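# Close look at the chain arrangement
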Amino acid sequence: MVAELFGKATGYCKGKGGSMHIADFSIGILGANGVVAGGLPLIAGAGLSIKLRKTDQVAVVFFGDGASNRGPVHEAMNMAAIWKLPVIFVVENNQWASTTPQGYACALGDLCQRAAGYNMPGYSIDGNDVLAVRETTLKAVAAARQGEGPSMIENKTYRIRGHFEGDPQKYRDQAEVLTWQEKNDPIQRFEAHLVKAQVLTKKKSKVIWDEVKAELDAALEFAQNSPYPKPEDALQDLYVNA
Ligand SMILES: Cc1ncc(C[n+]2csc(CCOP(=O)(O)OP(=O)(O)O)c2C)c(N)n1
């Protein structure tokens, strides 16, 4: 994945997808989408495919608070609801759509209120609480598998970094960012929970942090040392190969 972010030939999409179009069909990742809200109609299609093939798969789409105001969201939710497709609509309400605060662009307090318009269950939860996310997701997965149709989950969270690397972020107060970063980091919160519940020791936790860091360092090194795609391969991997 890091190689793909670097545009290298060893990436998931041979360096031609970049950060916005990462796909890995072998593990069920059908592709991110550069068109904001573009993934929702696609996931309704995946849900229809699951229903027709009668498998126990569940299709999940992740989108932003900004995306949630776009037309395709409503078309996809409507289709998924009338056909009771095994789909979960997960909106990551990280409170910022590029430079636009969520409340500026949408009149709803809880984005899961939209679910009522399509007669599907909607849950608004603390998206930085790992266990709440797990519990709610399991409920939605069970409903999908029992033929009850789609659900919507709003994970309330926060976008700590800029919209892009180098974003000067003049549109928001850095104190707001720091509060979330220092007091509401989902990994640190879960780690503290596990230590308190005596499931994890501080020592074991350090081992995990070190392992993850080593894995990330190796991924970066792999990406840095990988070649760029060759110009002569530019027309390969299209719908029709040249
Ligand atoms: C249809 C469309 N309109 C506009 C854009 C430009 N754009 C890219 S990201 C973005 C903001 C998306 O906000 P949100 O859905 O909240 O996602 P987040 O930035 O939080 O990941 C916009 C407007 C786009 N990629 N596609």
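Residues numbered from 1 in each chain as written. Predicted model: local features only at pLDDT ≥ 70, side-chain atom pairs only at ≥ 80, totals over all residues. Heavy atoms only, no water.

### A look at the overall build of the protein chain
Defined as follows: Runs of E in the DSSP output that reach at least two residues are strands. Runs of H or I that reach at least four are helices, and both are numbered from the N terminus. Remark: exposure states derive from per-residue accessible area (1.4 Å probe, protein chains only) relative to the maximum for the residue type, with buried under 20%, exposed over 50%, and partly exposed in between. By the convention used here, residues are in contact when the closest approach between their heavy atoms is within 4.5 Å. Per-residue and other accessible areas follow the Shrake-Rupley method at a 1.4 Å probe size, with only the shown protein chains counted as cover for residues.
When helices and strands are counted, the protein chain shows 8 helices and 6 strands. Listing the helices and strands of the protein chain from first to last along the sequence gives α-α-β-α-β-β-β-α-β-α-β-α-α-α. With 242 residues in all, the protein chain has 33% of them scored as buried. Restricting the contact set of the protein chain to residue pairs at least 6 apart, pairs at least 24 apart contribute 61%. Carbon and sulfur atoms make up 59% of the accessible area of the protein chain, which amounts to about 15100 Å² in all.

### A closer look at the site of the ligand
Stated formally: Nearness of a residue to a molecule or strand requires only that one of the residue's heavy atoms be within 4 Å of it. Pairs of N or O atoms are called polar contacts if they sit within 3.5 Å, as long as, within protein, a hydrogen donor faces a hydrogen acceptor (for residues adjacent in sequence, only side-chain-to-side-chain pairs). Think of it as three bins: nonpolar holds Ala, Val, Leu, Ile, Met, Phe, Trp, Tyr, Cys and Pro, charged holds Asp, Glu, Lys and Arg, and polar takes everything else, Gly as well.
For the ligand, the set of nearby residues contains 13 residues, the closest of which are Gly 34, Val 36, Gly 66, Ala 67 and Asn 94. One of the backbone nitrogen or oxygen atoms of Gly 34 is found 2.9 Å away from a nitrogen atom of the ligand. Considering the ligand on its own, with 590 Å² of exposed area, one finds that the protein chains cover 59% of that surface. Among the residues forming the shell around the ligand, the class breakdown is 5 nonpolar, 6 polar and 2 charged.

### Here we look at the side chain of Arg 114
Which entries qualify depends on this criterion: Here Asp and Glu are counted as negative and Lys and Arg as positive; His is not counted, and neither are the chain ends. Salt bridges are counted wherever a side-chain nitrogen of Lys or Arg sits within 4 Å of a carboxyl oxygen of Asp or Glu.
Along the polypeptide, Arg 114 turns up in the loop between α4 (102-105) and β5 (122-126). Of the buried charged residues, Arg 114 lacks a salt bridge, with Glu 154 as the closest side chain of opposite charge at 9.5 Å. At 2.7 Å, the side chain of Arg 114 and the side chain of Asn 69 are in polar contact.

### Some words on a nonpolar patch on the surface
Our working rule: Like charges within 9 Å and nonpolar side chains (Val, Leu, Ile, Met, Phe, Trp, Tyr) within 5 Å are joined into patches, using only residues over 30% in relative accessible area that form no salt bridge.
On the surface, a nonpolar cluster with roughly 660 Å² of combined accessible area is contributed by Met 1, Leu 5, Phe 6, Tyr 12, Ile 27, Ile 29 and Leu 220. Residue placement: Tyr 12 occurs in the loop between α1 (2-5) and α2 (39-53). For Tyr 12, a relative accessible area of 40% puts it in the partly exposed group.

### Re the pattern of salt bridges
In the structure shown here, the tally under the stated rule is 8 salt bridges. Where Glu 154 meets Lys 156, a salt bridge forms, and the shortest distance between an N and an O atom there is 3.5 Å. Here Glu 154 falls in the buried class, since its relative accessible area comes to 0%. Of the charged contacts, one joins Lys 206 and Asp 210 as a salt bridge, the two residues approaching to 2.7 Å between their closest N and O atoms. Taken together, the positions of Lys 206 and Asp 210, both in helix α8 (residues 202-225) and 4 residues apart, correspond to about one turn of that helix. The class for Asp 210 is partly exposed, based on a relative accessible area of 39%.

### What to know about the sheet that holds strand β2 (residues 87-93)
Test applied: By this definition, two strands are paired if DSSP reports at least two bridges between them. Fitted lines through C-alpha atoms serve as axes, helices being fitted only where they are in contact, and the angles separating the N-to-C directions of these axes extend from 0 to 180 degrees.
What the 4 strands build is an open sheet, ordered β1-β2-β6-β5; its pairing is parallel. Here the strands that pair on one side only, and so sit at the sheet edges, are β1 (59-64) and β5. Across the sheet, the mean angle from the axis of one strand to that of its neighbour is 20 degrees, orientation sign disregarded. Bridge count for β1 against β2 is 6 bridges, and the pairing is parallel. Within β2, the position partnered with Gly 64 by the bridge is Glu 92. Against the sheet, helix α3 (residues 71-82) makes contact with β1, β2 and β6 (151-156), and its axis sits at roughly 150 degrees relative to β2, the strand it touches most. Strand contacts of helix α5 (residues 130-145): β2, β5 and β6, with the helix running at about 165 degrees to β5, the strand carrying the most contacts.

### As for the pairing of β6
Applied cut-off: The definition of a right-handed crossover adopted here requires that, viewed with the strands pointing away, the path from the first strand over the helix to the second runs clockwise.
Burial of β6 is extensive: 5 of the 6 residues sit out of reach of the surface. Sheet analysis places β2 next to β6, joined by 6 bridges and oriented parallel. Paired with Ile 88 across the two strands is Ser 151, which belongs to β6. Examined bridge by bridge, β5 and β6 share 5 bridges and lie parallel to one another. Its bridge partner lying in β6, Asp 126 is registered against Lys 156. The parallel pair β5 and β6 is bridged by α5, and the resulting crossover is right-handed.

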